[in-house]
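# Inside the fold
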Amino acid sequence: TRFQPSCHLPSGLRLYVKDSQSGHYWQAAEPSANVTFETAQAVFQLTINDIASTLRAFVDPLSGMAVHALEVENLSQGQRMLEVCSYLEPALFPQKDMEAHPAYRKLFLETAKLGSYGVSVRRRPVTPQEDDLQLWHVLSTDTAFSVFHVQTDRNAFLGRGRTLYTPRELEMPLSSLADAVGAMIDPCLSLRGQFVLQPGCKARLVFITGCP
């Protein structure tokens, strides 16, 4: 994925939680989150508007896949309509190549749906000597989605003049959005699902990202 080591240039995978009724959304790894580092994983705990979340981020030692396990709990007395949304920017090129010619490299990336709750991006060979490369981003969950959306157009997700902190797409009703995959000028990978959470109940969502 596209990544910048500076904390002043946000990059890497992002997970958002949204209250569909109020429209308020936030990141599961907000700066206000309580962060602890356990064996081989980072844990982010956060409570906003009676919604508690615990995000565990680690790399699976067998497959090398990046795993982001998110648990969301409804602490209120009423049922809540919630959304969870992931976002990352694929590269599939060495960082020095992406930084040298980012617009050119993006032309070789093509996205597609992957199963019911997943998306993939393929890097077409730049030269005959190169092999195809793929990146998978899939979601496994124990909750039922009322609506699910796949977005791979970075400009459509962020919106003009927006950043990762205020993406335009999260301000739009999920039911009004159509899936977007294919050869994008500026690709991203985003999975977004809506579900109902009863009082005192939890939903578990595991995002897995890596090369097959």
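Let us look at the structure shown here.

Thresholds, definitions, all that
Residues numbered from 1 in each chain as written. Predicted model: local features only at pLDDT ≥ 70, side-chain atom pairs only at ≥ 80, totals over all residues. Heavy atoms only, no water. Helix = DSSP H or I, 4+ residues; strand = E, 2+ residues; numbered from the N terminus. Buried < 20%, exposed > 50% of the residue type's maximum accessible area, 1.4 Å probe, protein only. Contact = heavy atoms within 4.5 Å. Areas by Shrake-Rupley, 256 points an atom, 1.4 Å probe, with all protein chains shown as cover. Core = buried A, V, L, I, M, F, W, Y, C linked by side-chain atoms within 4.5 Å. Pairing = 2+ DSSP bridges. Axes fitted to C-alpha atoms, helices over the stretch in contact; angles between N-to-C directions.

Secondary structure summary: the chain contains three helices and 13 strands in total. Along the longest, intermediate and shortest principal axes, the C-alpha atoms of the chain span 60 × 40 × 35 Å. Taking all 212 residues of the chain together, the buried fraction comes to 44%. Sequence-distant contacts, at least 24 apart, represent 64% of the contacts inside the chain between residues at least 6 apart. Within the structure as shown, the chain displays about 10800 Å² of accessible surface, and the carbon and sulfur contribution to it stands at 54%.

A few words on the nonpolar core. Judged by nonpolar contacts, the single largest core of 36 residues is most densely connected at Val72, Phe195 and Leu205. With nine residues, the next largest nonpolar core counts Cys85, Phe157, Leu164 and Leu170 among its residues.

The backbone of alanine 40 shows a phi angle near 65 degrees, a positive value even though the residue is not glycine. Summarising the element assignment, alanine 40 is placed in the loop between strand E3 (34-38) and strand E4 (41-48). Phi at leucine 92 takes a positive value of approximately 60 degrees, unusual for a residue other than glycine. Following the sequence through the fold, leucine 92 ends up in the loop between strand E7 (80-87) and helix H1 (95-100).

With that settled, the discussion passes to the sheet that holds strand E1 (residues 14-19). A sheet is described by the order of its strands in space; here five strands give the open sequence E2-E1-E7-E12-E11, paired in antiparallel fashion. The open sheet is flanked by strand E2 (25-27) and strand E11 (147-153), the only strands paired with a single partner. Each strand of the sheet is rotated relative to its neighbour by a mean of 20 degrees, with strand direction disregarded. Where E1 and E7 come together, six bridges link them in antiparallel fashion. For tyrosine 16, the partnering residue across the bridge sits in E7 and is cysteine 85.

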